[in-house]
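This is what each chain is made of:
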Amino acid sequence: MLASLTETADRFVHTPLLHHIGGKSTPSQSGDAIEVFDPSTGAVLTSVAMGSAQEVNLAVAAAEAAFPRWSRLSPAERAVFLHRLADALDKHAADLVQIESLNVGKAIVNTESFDIPFGNACVRYFADLVQHVAMDIPHALANIEARTHRVPYGVCGFIFPWNFPYDLLLWNIIPALAAGNTVVIKPSEITPLSTLFMMKLAQEVGIPDGVINIVIGDGSAGQALSEHPSIKRMSFTGSPRVGKMIGKTCGENLVPVKLELGGKGAAVVFDDADLDATAAQLANAITFNTGQVCCTATRWMFHDSIYDALLEKTTAILNGTRLGPALDRETQMGPLVSKAHYDRVWQHLEKGKAQGAQIILEPKAAKPAGFEHGYYMTHSLLAGAPDNVCCREEVFGPSAYILRFKDEAEAIRLVNSISYGLANSVWSRDLARANRVAEQMVAGNSWINAHNVFAYGLPYRAVNLSGLGGGVNSPETLLDYLRPQTIARPLA
Ligand code: TAP
């Protein structure tokens, strides 16, 4: 049964929305706007203003103006604002769950259990953590009185993709704000609603005008933000293709940058793994958020001796997965995010087939009754040679590619044969082996007997084609937004 919308969510998702600059809802100077769709129905929800370099300039100026006052507050004073924001986000959790599910097509049971509560917990984590950071660290030197002093950078720019708009927003901007920076955000123009709702609450709880600014726009607005000369730190989450461009721009401007990019996670399953538990988690890996997850397991590597048994168990679970509209509480997997992305996923799978992939479970265009215009696709499983495009590149849909291996060395070689380095997992009851393999898989994250492991305090990071610059969700993330400065006085 479809959840009926709360009054607040209903009103919000059907109201035309604007940029948020210097505390004001601001239209585009050009008057440009774009429609926002509900991927479950294909219907238009509302419209949002589309910004350009002009709005980016205004937003950066507003953030610059707000910086002196915000940065001079003590960490405890900023934490009061952030806890008030967390209170408001918790109070409006039901609205946020519906807004995020509607806009992204996420199964509401997942938004309710993961996206919104986990995002809100991020605000409290960094609000508490910043109060315990040493802002002055003395150095024990002969004849010099010296300390490292930590200060915020200034205006920080953030560009986000469409797959986890709410969590990625909070994981990235909250440490920057807690540290005393002000921010300009460019969300994906197809999923900006939870970002704008968060902004509305931030304003209601009194976060000063100009501390958080949002410019909605496409890649050109993102480019204007990353090139702006007043940006002191840049953070980009998205594809390696765009990430490299941002990295180049920031390199030219000597602006420190954090790049959180794509992934093609491997799950290496040995013969002594708990096959029932593994099958359940692997099926979930490609159905959770309809497989649109950067770090999820999409290259499944099964030991020869358990290949058939594990495939049978996983297939049975996948075939029982209920595909449906985001707001249906029975739905386990929603639609893909947009028509354009739906077409991209089909084309990618077709390319894989043309390159000789064996189709174990064929993807199908599915149309739940009453939702014939939504962007639904069933799960699929492919197998074959490791150089297939579906094994090497992100499909970003409900699909996995399966490989066989004979021994530990072959498994590690297969895992490390591609350029991505975000997250992999190893499945075995032999914890010595699991830890040994975990260490040899080249990526920011190696998980044991689980995939997609997140907790605040647990650094989530990337290497190689998956990104650079410190990652998210840990004390290091907060320190990334504090500029260290040496202060020294000779005593002699
Ligand atoms: P992208 O196409 O790279 O877009 C990401 C953001 O960059 C969007 O807001 C986009 O605007 C903007 N953009 C596009 N061109 C730009 C330019 N030249 N300069 C500045 N900004 C520009 O990625 P996507 O398709 O939205 O997201 C999927 C990708 O994100 C996948 O590769 C996925 O793995 C990755 N991802 C990584 C992580 C982490 S934590 N590593 C998390 C989630 C997703 P538009 O809205 O106009 O496209």
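Before reading further, recall that the structure is shown in the block above.
Residues numbered from 1 in each chain as written. Predicted model: local features only at pLDDT ≥ 70, side-chain atom pairs only at ≥ 80, totals over all residues. Heavy atoms only, no water.

A. Up close: the packing of helix α5 (residues 108-129) against helix α6 (residues 165-178). Two elements in contact, α5 and α6, have axes separated by 9 Å at closest approach and are oriented at 5 degrees. By the angle between their axes, α5 is roughly parallel relative to α6. Only Tyr 166, Asp 167, Leu 170, Trp 171, Ile 174, Pro 175 and Ala 178 of α6 make contact with α5, whose side of the interface consists of Phe 114, Asp 115, Ile 116, Phe 118, Gly 119, Asn 120, Cys 122, Val 123 and Phe 126. (Axes fitted to C-alpha atoms, helices over the stretch in contact; angles between N-to-C directions. Helix = DSSP H or I, 4+ residues; strand = E, 2+ residues; numbered from the N terminus. Parallel < 35°, antiparallel > 145°, perpendicular 65-115°, else oblique. Contact = heavy atoms within 4.5 Å.)

B. Representation of the pattern of salt bridges in the model. On inspection of all chains with the given rule, the structure shows 20 salt bridges. Among the salt bridges present, the one from Arg 124 reaches Asp 87, with a minimum N-O distance of 2.9 Å. Residue Arg 124 is found in helix α5, and its partner Asp 87 is found in helix α3 (residues 75-91); the two are separated by 37 residues along the sequence. Arg 124 gets classed as partly exposed once you look at its relative accessible area, which sits at 25%. (Salt bridge = Lys/Arg side-chain N within 4 Å of Asp/Glu carboxyl O. Buried < 20%, exposed > 50% of the residue type's maximum accessible area, 1.4 Å probe, protein only.)

C. Just helix α12 (residues 339-354), in detail. Here α12 spans 23 Å end to end across 16 residues, near enough to the 22 Å set by a 1.5 Å rise per residue. Elements in contact with the buried residues of α12: β15 (380-383), α13 (389-392) and β16 (399-405). One or two steps after α12, the chain reaches Gly 356, where phi turns positive at roughly 100 degrees. (Expected span 1.5 Å × (residues − 1).)

D. Expanded view of the site of the ligand. Phe 160, Glu 189, Ser 239, Leu 261 and Glu 394 are the nearest of the 29 residues found near the ligand. Taking Trp 162, its side chain carries an N or O atom lying 3.2 Å from an oxygen atom of the ligand. A distance of 2.6 Å separates a nitrogen atom of the ligand from a polar backbone atom of Leu 261. Burial of the ligand by the protein amounts to 88% of the accessible area it has alone, namely 930 Å². Breaking the shell around the ligand down by element, the ones donating at least two residues are α8 (219-227), β10 (231-237) and α9 (240-253). Split by residue class, the shell around the ligand holds 14 nonpolar, 10 polar and 5 charged. (Near = heavy atom within 4 Å. Polar contact = N/O pair within 3.5 Å; in protein donor to acceptor, adjacent residues only side chain to side chain. Areas by Shrake-Rupley, 256 points an atom, 1.4 Å probe, with all protein chains shown as cover. Nonpolar A, V, L, I, M, F, W, Y, C, P; charged D, E, K, R; others polar.)

E. Structural context of the pairing of strand β18 (residues 423-427). Counting buried residues along β18, 5 of its 5 residues qualify, which places the element largely inside the surrounding structure. Neither face of β18 is open: one carries Ala 423, Ser 425 and Trp 427, the other Asn 424 and Val 426, and all of them are buried. When strand β12 (residues 265-269) meets β18, the two strands line up parallel, connected through 3 bridges. From the neighbouring strand, Ala 267 faces β18, where its bridge partner is Ser 425. Bridge analysis of β18 against strand β19 (residues 445-448) gives 4 bridges, and the strand direction is parallel. Of the residues in β19, the one forming a bridge with Ala 423 is Asn 445. In this region the chain leaves β18, passes through helix α15 (residues 431-440) and returns to the parallel neighbour β19; the handedness of that crossover is right-handed. (Pairing = 2+ DSSP bridges. Right-handed = clockwise from strand over helix to strand, strands pointing away.)

F. A look at the environment of Gly 352. Note that Gly 352 resides in helix α12. Distance in space between the C-alpha atoms of Gly 352 and Ile 212 is 43 Å, their sequence separation being 140 residues. Excluding residues within four positions of it along the chain, Gly 352 makes contact with Ala 357, Asn 388, Val 389 and Cys 390.

G. Spotlight on the state of the cysteines. Per the counting criterion, the structure on display carries 0 disulfides. Cys 156 forms no disulfide, and the closest cysteine sulfur to it belongs to Cys 250, at a distance of 11 Å. Given the relative accessible area of 0%, Cys 156 is considered buried. (Disulfide = S-S within 2.5 Å.)

H. Region of interest: the nonpolar core. Within the largest apolar cluster, 77 residues are counted, with the highest numbers of intra-cluster contacts made by Leu 85, Leu 89, Leu 170, Ile 173, Ile 174, Met 198 and Ile 212. By residue number, the principal contributor to this core is α6, which donates 10 residues. Ignoring any residue separated from it by four or fewer positions in sequence, one finds Met 198 in contact with Leu 85, Leu 89, Leu 169, Leu 170, Ile 173 and Ile 212. Counting 29 residues, the second largest nonpolar core, distinct from the first, contains Ala 266, Trp 346, Leu 382 and Cys 390. (Core = buried A, V, L, I, M, F, W, Y, C linked by side-chain atoms within 4.5 Å.)

I. Local environment of the packing of aromatic side chains. Per the counting criterion, the structure on display carries 21 aromatic pairs. Seen in terms of ring centroids, Phe 164 and Phe 288 are 6.1 Å apart; in terms of plane orientation they differ by 35 degrees. Their pairing is tilted. Pair noted here: Phe 164 is in the loop between β7 (155-159) and α6 and Phe 288 is in the loop between α10 (275-287) and β13 (297-303), with a separation of 124 residues, a long-range link. Judged by its relative accessible area of 15%, Phe 288 is buried. Counting every residue linked through ring pairs, the aromatic cluster contains Phe 114, Phe 118, Tyr 125, Phe 126, Phe 164, Trp 171, Phe 288, Trp 447, Phe 454, Tyr 456 and Tyr 460. Here Arg 233 stacks its cationic end above the ring of Tyr 481, 5.2 Å away from the centre of that ring. Here Arg 433 stacks its cationic end above the ring of Phe 270, 4.0 Å away from the centre of that ring. (Phe/Tyr/Trp six-rings, centres within 6.5 Å; stacked < 30°, edge-to-face > 60°. Lys NZ or Arg CZ within 6 Å of the ring centre and 35° of its normal.)

J. Representation of the sheet that holds strand β14 (residues 358-361). Taken in spatial order, the 7 strands line up as β14-β15-β16-β13-β12-β18-β19 in an open sheet, and their pairing is mixed. Edge positions in the sheet fall to β14 and β19, since each has one partner strand and no second. Shown here is a sheet whose adjacent strand axes are inclined to one another by a mean of 25 degrees, direction ignored. Judged from the 5 bridges that link them, β13 and β16 form a sheet pairing that is parallel. Across the sheet, residue Arg 299 finds its bridge partner in β16, namely Tyr 401. Across the sheet, α15 is in contact with β18 and β19; its angle to β19 comes to roughly 165 degrees.

K. Spotlight on the packing of α10 against helix α11 (residues 307-319). Close contact between α10 and α11 brings their axes to 9 Å; oriented N to C, the two are set at 50 degrees. Taken together, the axes of α10 and α11 are oblique relative to one another. As for the relative orientation of α10 and α11, their crossing is right-handed in sense. Across from Leu 275, Asp 276, Thr 278, Ala 279, Ala 280, Leu 282, Ala 283, Ile 286 and Thr 287 in α10, the residues of α11 making contact are Ala 309, Leu 310, Lys 313, Thr 314, Ile 317 and Leu 318. By residue class, the composition of the contact of α10 with α11 is 10 nonpolar, 3 polar and 2 charged. (Left-handed = near helix turned anticlockwise from the far one by under 90°.)

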